Amino acid sequence: MILHVDMDAFFASIEQAINPRLKDKPLIVGSRGNKMRTVVCAASYAAKALGIHSGMPSREAFSICPKLEFVAADQAKYTWTSEQIFQLLKGYGLPLNYTSIDEFQLELASHPDPLNLAKKIKEQIYANFNITASVGIAKNWLLAKLASKLNKPDGITLIDDSNFEQVLRQTPLDKLCGLGGKIGASFMAGGLKSCWDLYLNLPGFFNTFDNAKAKNPQMALLSVNPEQGRRVNESYDNSGKPNESPKSISHSYTLPEAKINSRVIQAWIRLLSEMVATRLRQQNLISATVHLWLNGPEIGNFGAQKTHQVLTNDGYEIYQRTLKIMAKSRIQNPRIRAIGVTCSSLSRGTDQHLLREEIRREGLIKALDRINNRFGERSIYPAITVLTR
Ligand SMILES: [Mg+2]
């Protein structure tokens, strides 16, 4: 049995939870700050009711509802909340996978009362974060995920033998995870309309998600629908270990003299982050843990690290993570002589893309890599790193 937790309008709900003025209002979270020139990356339920949905240009959303509330996406906040929910679910002591920033799966094996467990989880999430989740329970991840969508928001749905046929008959094929794209369209063109039609034609399809692949739903999904543009790293479980060597990738630099200029220090950290990220991408690795090392006359050796649930090989993201480590260290403008950035907890794979903006960034990063491969490293580089020259 799989219990799939899917947060309801996650980004929008978080914004509403921390700002009661936004509660119950039509609200969109934009992937960028310019409210008329961005894309909706989350819509509150009041906005959804008006036909506004993620992926829609914000201009179009405002033309539907001129009084729409707008908040620019704050990914750090969403990632943090996601990590907290992950930790909370970990407390249940069951094998846990997270499949995206707002979806988590618990493997129940044979639980005596999964409905009650779902209720408890929902209550705990609501009590802690003031946001709701929908839960789906079924024999495999595909059906559990589908179940979680059937009574949104704030619902619990169990698919078992008693309602399997009824649910599949009522569910259009393109509602099934992974079948919204070209594969779904080709099935529909072939006359398959509902999930039940698919079951009648390919009865084994729903069982392919029962065992081994349930550990790795995104890969299973990709094998079902290679056209799906959203690549997600391998699932993350409690025993998750990096596949093979290398164990870590790092770059460091010793300045000619100890410097106190924080802009220059930041520029170096950015450059080292970019260099580490390039190495990660060259080896098709993504990293969960960022470690920052600083050395200076006042601070001696300072080292701290943080592990994130969302893995990355994006230099900018690594840089942001190191800055947060530095901010927490409460080092106030010390003189710095040497800097090191290390990424560890490595897995094979590519970056996760949670926001549309990040999908665009992947294209940008690929283009930058191509240019730098062709014309030499650092032919093109982030502006701040000029300070290192
Ligand atoms: Mg969700």
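Residues numbered from 1 in each chain as written. Predicted model: local features only at pLDDT ≥ 70, side-chain atom pairs only at ≥ 80, totals over all residues.

1. Examining the overall build of the protein chain
Scanning the protein chain for helices and strands turns up 13 helices and 12 strands. When the 389 residues of the protein chain are sorted by exposure, 37% land in the buried category. Taking contacts inside the protein chain between residues at least 6 apart in sequence as the whole, the part at least 24 apart equals 64%. (Helix = DSSP H or I, 4+ residues; strand = E, 2+ residues; numbered from the N terminus. Buried ≥ 20, exposed ≤ 12 C-beta atoms within 10 Å, placed from the backbone. Contact = placed C-beta atoms within 7 Å.)

2. Quick look at the confidence of the model for the protein chain
With 81% of its residues at a pLDDT of 70 or more, the protein chain shows a mean pLDDT of 81. Within the protein chain, the lowest mean pLDDT, 36, falls on helix H10 (residues 217-224), and the highest, 97, falls on strand E7 (residues 133-138). In this model residues 212-244 is a low-confidence stretch, pLDDT under 50, and it forms 61 contacts with partners more than four residues away in sequence or in other chains. (pLDDT = per-residue confidence, 0-100.)

3. So, the pairing of E7
For E7, a buried count of 6 out of 6 residues is recorded, marking the element as mostly surrounded by other parts of the structure. Side chains of E7 alternate between two faces, with Ala133, Val135 and Ile137 and Ser134, Gly136 and Ala138 buried alike. One ladder, built from 6 bridges, connects strand E1 (residues 2-7) with E7; its direction is antiparallel. Across the sheet, the residue bridging to Ile2 is Ala138, located in E7. In terms of strand pairing, E7 meets strand E8 (residues 156-158) through 3 bridges, oriented parallel. Its bridge partner lying in E8, Ile137 is registered against Leu158. Following the chain from E7 across helix H6 (residues 141-150) to the adjacent parallel E8, one finds a crossover that is left-handed. (Pairing = 2+ DSSP bridges. Right-handed = clockwise from strand over helix to strand, strands pointing away.)

4. Some words on the packing of helix H11 (residues 262-282) against helix H12 (residues 315-329)
The N-to-C vectors of H11 and H12 enclose an angle of 130 degrees; their axes lie 8 Å apart at closest approach. On the basis of their axis angle, the class for H11 and H12 is oblique. Relative to H12, H11 is oriented so that their crossing is right-handed. Taking contact as the criterion, the partners of Ile269, Arg270, Ser273, Glu274, Val276 and Ala277 in H11 are, on H12, Gly315, Ile318, Tyr319 and Thr322. For the contact of H11 with H12, the class distribution of residues is 5 nonpolar, 3 polar and 2 charged. (Axes fitted to C-alpha atoms, helices over the stretch in contact; angles between N-to-C directions. Parallel < 35°, antiparallel > 145°, perpendicular 65-115°, else oblique. Left-handed = near helix turned anticlockwise from the far one by under 90°. Nonpolar A, V, L, I, M, F, W, Y, C, P; charged D, E, K, R; others polar.)

5. Focus: unusual backbone geometry
Of note, the amide linkage connecting Lys152 to Pro153 takes the cis form, showing an omega dihedral of -10 degrees. Position of Pro153 relative to the elements: it lies in the loop between H6 and E8. In this model, Ala9 sits at a positive phi of 40 degrees, which is unusual for a non-glycine residue. With respect to the helices, strands and loops of the structure, Ala9 is situated in the loop between E1 and helix H1 (10-18). Despite not being glycine, Ser345 shows a phi value in the positive range, around 50 degrees. Structurally, Ser345 is set in strand E12 (residues 336-348).

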